[in-house]
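# Summary of the model geometry
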Amino acid sequence: MPTAQAPLQSATQAIDLPHKAYMLPQSIPMWPPVWWTWLIVAAIILVIIGLLFLWYRRHKKRTYRREALSNITKQSSELSDKESILLCHEMVRRCLISEGKTETAALPSKTLFETLDKSMPAKRQFSTLGNEFIDGPYRSQIELTSEQRSTMIKNTCYWIRKHHA
């Protein structure tokens, strides 16, 4: 019986390994991080702040667009045909002046809208509106169909939203 208990006693005792130097160390903690981690975090934060600043500046710079669009959408239904043509002309010229293009805004209507049409898609050009739009402010009487009026307002709003300074 003494032989049966000897293996049982040795199994309950801790086993001493002969080469403790080859044992792996404890796991390395993740905190505190490496010193350059803070540089990366600071760079990411500065990039985010820079992007927010640029977005805010762009938003403030384009305030005139939002104001012009709100003027056109609010007032266009209440005005007569001639007054809505005048409003569209005025908003286009105000946008050009707000951008600092006073020479372009001072051009006669026909030349102005020909110049603006060069940068617009064929579907949205002012020339598609006809002479009623370009010569409308100079006529004593003018009548537009509801389709012409809505197309005029849509094209003007499209130009205000999409033009490049």
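In this report, we go over the structure that sits alongside the text.

Cut-offs used in this document
Residues numbered from 1 in each chain as written. Predicted model: local features only at pLDDT ≥ 70, side-chain atom pairs only at ≥ 80, totals over all residues. Heavy atoms only, no water. Axes fitted to C-alpha atoms, helices over the stretch in contact; angles between N-to-C directions. Helix = DSSP H or I, 4+ residues; strand = E, 2+ residues; numbered from the N terminus. Left-handed = near helix turned anticlockwise from the far one by under 90°. Contact = heavy atoms within 4.5 Å. Nonpolar A, V, L, I, M, F, W, Y, C, P; charged D, E, K, R; others polar. Core = buried A, V, L, I, M, F, W, Y, C linked by side-chain atoms within 4.5 Å. Buried < 20%, exposed > 50% of the residue type's maximum accessible area, 1.4 Å probe, protein only.

## Details of the packing of helix α4 (residues 81-99) against helix α6 (residues 109-117)
One way to put it is that α4 packs onto α6 with a least axis distance of 12 Å and a crossing angle of 65°. Where α4 crosses over α6, the two elements pack in a sense that is left-handed. Between α4, through His 89, Val 92, Arg 93 and Leu 96, and α6, the contact on the second element is made entirely by Ser 109, Leu 112, Phe 113 and Leu 116. Of the residues contributing to the contact of α4 with α6, the split by class is five nonpolar, two polar and one charged.

## Observations concerning the nonpolar core
Phe 113, Leu 116, Phe 126, Phe 133, Met 152, Trp 159 and Ile 160 are the most contacted members of the largest nonpolar core, which totals 28 residues. Every element with two or more residues in this core is listed here: α3 (63-75), α4, α6, α7 (131-135) and α8 (146-162). Ranked by residue count, the leading element in this core is α4, at seven residues. When near neighbours in sequence (up to four residues on either side) are disregarded, Trp 159 contacts Val 92, Cys 95, Leu 96, Leu 116, Met 120 and Phe 126.

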